[in-house]
Amino acid sequence: MEIKLFITILFSTIFINNYVLSQTLGICPFLGVSKKTDSAAGMGFAVIFVMTLASVITYFIYKYILIPFSITYLRTIAFILVIASIVQLVEMAINKLSPSLYRALGIFLPLITTNCAVLGVAVLNVDSGFITKEFGLLMTIVQGFGAGVGFLLALMLMSGIRERLETADIPFNLRGMPISFIIAGLLSLAFLGFAGMSF
Amino acid sequence: MSIKKEFLKGLVEKNPVMVLGIGLCPALAVTTSVSNALWMMIATTFVLTCSNVLVSLVKDYIPSHIRIPVFITIIAAFVTVVEITLKAYQPEVYTSLGIFIPLIVVNCIILGRAEEFASRNGVFISIIDALGMGIGFGLTLTILAFFRETLGANKLFGYTLIPGFKPAGMMAIAPGAFITLGLMLWAMNRIMVSRKHKK
């Protein structure tokens, strides 16, 4: 019974409510880092990791600190500081443990702090009421992980298209940002098709 | 003379959304109606002005290696003020902007201006810079929202425009936002290029 619920959450965050293409969260890194497939993959994996971790930690902070002291109105400050410190910690940990991974992900990590999808998933976890539910922690993890995978998927698709656009003959005024936005719009239109899927 | 220059640069020459390509997430997400766009502009300009003032006041006391966390905390505090105020006095606006009110924290425009301008300049000129940038951001949002509301919902400020006209629902959701902004950037490029030719 629960398994089905988790699969629904996972699919809905990856495809139906894709954070980038249907909720327009995390657009800055989506357009900024999607020029090359390698860097898109690096950014995507870093985001999956930070989002999952941030979801877990903000869950505990909200449930065991903000609610008991009834200071839930401080969640924006608390969450953004938690995310900023997670990013910093992850950066230091990766640097010590695996320098090769650090070289691959390193430059993307500081950018993740201002990725609004990360704060977005933390706030949405609270807003969707996972805190009070049974298996709330697992749902939070699944949603955080799914949001990250959805981000990676959108980034990979976009970078694949943009690598081909490099050699395409595009009208001068449309080059760069305008054509990227129109492509993103078409991708997002394609993702609308998933909205018809139901479980 | 310089005051006028600092104010106007945010509107055209360094417009955050159209030229610098930052603050895109709220620009795409909240522009389903003109009134939402205007409220977003008020909220963002308020946070931007307050954070610029505070940052330029305390800039000499912050050690440079911890300045980013300090800036983020300052911004988050003002965002919380906006969040609580809107929740109390404008509950409808609070619900329709939803998650994008806490997400003002990660709007790169605000951190960008704190880092690039307010931490290097005096209080008064920082206020002018914040107002220019905030209004420039809001202006873009309003234009985008005008097209999306009229075409996507056949309404303006909630009033029906042409009775019996069936609106294009696509404009009201994510794909419409991406494509409209792409076309706006194209039009802007076009105007800029033809201006250069005239000179």
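Here the structure is a predicted model, which means the values were calculated and not measured.

J.: What is the right way to look at the overall build of chain B in this model?
T.: Helices and strands together make up the secondary structure of chain B, namely nine helices and two strands. In chain B, the succession of α and β elements from N to C terminus is α-α-α-α-α-α-α-α-β-β-α. Seen through its principal axes, chain B has C-alpha atoms that stretch 60 × 50 × 25 Å. Here chain B, with 199 residues, has 49% of them falling under the buried criterion. Across chain B, every contact between residues at least 6 apart in sequence was considered, and the portion connecting residues at least 24 apart equals 74%. Accessible surface computed for chain B: about 9,500 Å², of which carbon and sulfur atoms make up 69%. Taking the average location of the 17 positive side-chain charges in chain B and that of its 9 negative ones, the two points are 10 Å from each other.

J.: How should I be thinking about the state of the cysteines in this particular structure?
T.: A covalent bond bridging the sulfur atoms of two cysteines is what the word disulfide describes. Here the structure, examined in full by the defined rule, presents zero disulfides over all chains. The closest cysteine sulfur to the non-disulfide-bonded Cys-108 of chain B is located on Cys-28 of chain A, 3.7 Å from its own sulfur.

J.: How do you make sense of the interface of chain A and chain B when you look at a structure like this?
T.: Bring the parts together and some accessible area is lost; that lost area is often taken as the interface size. Listed as interface residues are 37 residues of chain A and, on the opposing side, 36 residues of chain B. Each partner contributes to the roughly 3,000 Å² buried at the junction of chain A and chain B, and carbon and sulfur atoms together form 82% of this total. Among the residues chain A hides against chain B, the three largest losses belong to Thr-24, Asn-173 and Phe-181 of chain A. Together they make up 20% of the total. The interface formed by chain A and chain B includes one salt bridge. A salt bridge links Arg-75 of chain A to Glu-83 of chain B; its shortest N-O distance comes to 3.4 Å. Taken together, the connections running from chain A to chain B amount to three residue pairs in polar contact (both at pLDDT 80 or more). Elements with a minimum of two residues in the side of chain A that touches chain B: α2 (27-32), α4 (75-97), α7 (116-127) and α9 (177-192) of chain A. A per-element tally of the side of chain A that touches chain B places α9 of chain A first, with ten residues. Along the lines of polarity and charge, the residues of the side of chain A that touches chain B split into 24 nonpolar, eleven polar and two charged.

Rules behind the numbers
Residues numbered from 1 in each chain as written. Chains lettered and ligands numbered in written order. Predicted model: local features only at pLDDT ≥ 70, side-chain atom pairs only at ≥ 80, totals over all residues. Heavy atoms only, no water. Helix = DSSP H or I, 4+ residues; strand = E, 2+ residues; numbered from the N terminus. Buried < 20%, exposed > 50% of the residue type's maximum accessible area, 1.4 Å probe, protein only. Contact = heavy atoms within 4.5 Å. Areas by Shrake-Rupley, 256 points an atom, 1.4 Å probe, with all protein chains shown as cover. Lys, Arg positive; Asp, Glu negative; His and termini not counted. Charge placed at Lys NZ, Arg CZ, Asp CG, Glu CD. Disulfide = S-S within 2.5 Å. Buried area = accessible area lost by both parts, 1.4 Å probe. Salt bridge = Lys/Arg side-chain N within 4 Å of Asp/Glu carboxyl O. Polar contact = N/O pair within 3.5 Å; in protein donor to acceptor, adjacent residues only side chain to side chain. Nonpolar A, V, L, I, M, F, W, Y, C, P; charged D, E, K, R; others polar.

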